[in-house]
Amino acid sequence: METTNKFKVDFKYYKQKCPPPDYSNVIEFSNDKDLGRLQRVKPSQPVIDKLNPEEVHVASLMIPPSEWCIYELLDKPGLLFVNNPFTAIGQRYWIYRCLRDYTRRPNRLNIDAHNVLEKSQDWWDMCQRDDHLNQSLMKKLRWATLGYHHNWDTKAYSENMKDPFPSDLAALSRYVCHILYGQEDFSAEAAIVNFYHFDSTLSGHTDHSEMDMSAPLLSFSFGQTAIFLLGGTSLDVTPTPMYIESGDIVIMSKESRQCYHGIPKIVPAMKSPWNTGLPLKCGDEEPPSKRARDTIDREACSVKSARSPFSSSGMMEELLEEEFWEPFQNYIKQSRINMNVRQVLCKGEKTLNNKGS
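Just so we're clear, the structure is a prediction, and the values are computed from it rather than from any experiment. (Residues numbered from 1 in each chain as written. Predicted model: local features only at pLDDT ≥ 70, side-chain atom pairs only at ≥ 80, totals over all residues. Heavy atoms only, no water.)

**Focus: the confidence of the model for the chain**
Okay, so step 1: Here the chain averages 85 in pLDDT, and 87% of its residues register 70 or above.
Okay, so step 2: Considering only residues more than four positions removed or in separate chains, one finds that residues 280-308, a stretch of pLDDT under 50, has 46 contacts. (pLDDT = per-residue confidence, 0-100. Contact = heavy atoms within 4.5 Å.)

What follows is the structure, given as structure tokens:
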């Protein structure tokens, strides 16, 4: 009996431009109308004394866990959604890291295969040069891989395609898993950083290359808004559409870990949370409330006490400077960045059983 690829049908529907799709069925986690399809999840409270300096640093870039809004879809067990727990300076930090640092060697980029950069050149620095060639280079970057590098041909990981994983992103992943699951042993070993523009899509797929399929997938998004489709374990299941906005975290675990998912469209963000409460004039800024000002002051104290190599360099102060932030602002106003983090190895293992090639 022939089955209908319902995921593909809905993907094409939300991708279409003329006529535009009806978005009324898309879940908006900040909208009360969708609360009937969700259940709230209570966060765990971390023991601050047990956090290492790197975890203290990433925690300082977020609001207190007691204020996190965490939801689980009633019809998609294991799909957890955290409504933007990042502060404005926290969003800037991760946008900066993705654009300037995670695109540097030894991390691998989709443009490496085309030899558009010399070994001594960095993608972000080249994009800041004022000429047409380097401006076009900005839109050519689609992904960067960190840690265990995903092989797009074999869909497998290899010990021969592995580099050090960023310690701050690993700390963020551990911290989030601790808040959501009370779990302290999540090991971030691979990540794909995707760079989307308004004409970008991500076809429906499942993530099944990891040895430990019981470990959750963590997704951190910044910038413009995505329409995210989450289907079932087969393509004949009608997917659930939802908005993923800047700062939102999506975790796929349990049943949802093996579900088809994709992004048919990027739409303009309704707000700019990377500017909220910050006294800058880069555009789209929002006036700081007393709470926002108090948060900024608290962050500054927390960051100084964290002794993080990333905060001690003065980079946090630079992110508040208009001239320094402007190129990042110009990028994120037209684009979306997603950090997708996964644990590759089974607990207790140090290397892949199959060394790969």
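On we go.
**Quick look at the sheet that holds strand β9 (residues 225-230)**
Strand pairing in a sheet relies on backbone hydrogen bonds, with the paired strands running either antiparallel or parallel.
Okay, so step 1: Reading across the sheet, the four strands line up as β7-β12-β9-β10 and stay open at both edges, with antiparallel pairing between neighbours. This sheet does not close on itself; its edge strands, each paired only once, are β7 (202-205) and β10 (240-244). Neighbour-to-neighbour, the strand axes of the sheet open up by a mean angle of 25°, direction not taken into account.
Okay, so step 2: The pairing of β9 with strand β12 (residues 261-267) spans five bridges and is antiparallel. Within β12, the residue paired with L229 across the bridge is G262.
Okay, so step 3: In the packing of helix α1 (residues 6-15) onto the sheet, the strands contacted are β7, β9, β10 and β12, and the crossing angle to β12 comes to about 10°. (Pairing = 2+ DSSP bridges. Helix = DSSP H or I, 4+ residues; strand = E, 2+ residues; numbered from the N terminus. Axes fitted to C-alpha atoms, helices over the stretch in contact; angles between N-to-C directions.)

**Some remarks on the side chain of S221**
Okay, so step 1: Positionally, S221 belongs in strand β8 (residues 217-223).
Okay, so step 2: Setting aside residues no more than four positions away along its own chain, S221 makes contact with I244, E245, S246, G247, D248, R336, I337 and N338.

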